[in-house]
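# Geometric and topological summary
Chain by chain, the residues:
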Amino acid sequence: MKKLIALAAGVVAAAALVTGCGSGEDGGSSGPAVVIEVKNMAYSPAQVTIEKGQTVQWKFDDSGLPHDVAGEGSLQGELKSDLLTEGTYEYTFDEAGTFDYHCTPHPMMVGTVVVQ
């Protein structure tokens, strides 16, 4: 019985760790304000508008083609996902402004986040 309880506690602890893991910055418990699909060699929608403090999630699903999110201007080097073929990346925008980004291996893939 003690082994079963210890095993159950370990499973719960592992599940908590996995649930707490994510790509990018933590958007809080309310989830992302916007989800941008990364597929068909494009970000969709290509432009989104959010409020300051909200989180954007990029969902990668382009039939195995690798893409990333790379910020330009003031977010260059800060808004930066890994090169992904699947999964998600999140970033919380804490400042108002217009923020452009692109895909490093496919520079014709561009997007914009407008933060009010």
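Residues numbered from 1 in each chain as written. Predicted model: local features only at pLDDT ≥ 70, side-chain atom pairs only at ≥ 80, totals over all residues. Heavy atoms only, no water.

### Thoughts on the pattern of salt bridges
So the rule is basically this: Any Lys or Arg side-chain nitrogen located within 4 Å of an Asp or Glu carboxyl oxygen qualifies as a salt bridge. A run of H or I in DSSP becomes a helix once it reaches four residues, and a run of E becomes a strand once it reaches two; helices and strands are each numbered from the N terminus. Using a 1.4 Å probe on the protein chains alone, a residue whose accessible area is under 20% of its type maximum counts as buried, one over 50% counts as exposed, and one in between counts as partly exposed.
This structure, assessed with the given rule, holds one salt bridge. We note a salt bridge from D68 to K80, for which the minimum N-O separation is 3.0 Å. Remark: K80 occurs in the loop between β5 (70-71) and β6 (86-92) and D68 occurs in the loop between β4 (55-61) and β5; sequence separation between them is 12 residues. The exposure class assigned to K80 is partly exposed, which follows from its relative accessible area of 42%.

### What about the pairing of strand β7 (residues 97-102)?
Basically, it comes down to this: By definition, two strands form a pair when at least two bridges between them are found by DSSP.
Where β5 meets β7, two bridges bridge the pair, whose relative direction is antiparallel. Opposite G71, over in β7, you have Y101 as the bridge partner. Summarising the sheet, β7 and strand β8 (residues 110-115) pair through six bridges and their orientation is antiparallel. Across the sheet, residue G97 finds its bridge partner in β8, namely V115.

### A closer look at the side chain of S81
The following threshold applies: Distance and chemistry together define a polar contact, namely a pair of N or O atoms within 3.5 Å, with one atom able to donate a hydrogen and the other to accept it when in protein, and with adjacent residues in sequence counting only for side-chain atoms on both sides. By definition, residues are in contact when any of their heavy atoms lie within 4.5 Å.
Take S81: it is sitting in the loop between β5 and β6. Only 2.8 Å separates the side chain of S81 from the backbone nitrogen of V69, close enough to count as a polar contact. Not counting residues within four places of it along the chain, the set of residues in contact with S81 comprises F60, D68, V69 and Y89.

### Examining the sheet that holds strand β1 (residues 34-39)
This is how the line gets drawn: A fitted line through C-alpha atoms represents every axis, and for helices the fit uses only the stretch in contact; the resulting angles, taken between N-to-C directions, go from 0 to 180 degrees.
Spatially, β2-β1-β4-β6 is the arrangement adopted by the four strands of the open sheet, whose pairing is mixed. The strands lining the two open edges of the sheet, one partner per strand, are β2 (42-44) and β6. Along the sheet, successive strands turn relative to each other by an average axial angle of 20°, direction set aside. By the bridge criterion, five bridges tie β1 to β4 in an arrangement that is parallel.

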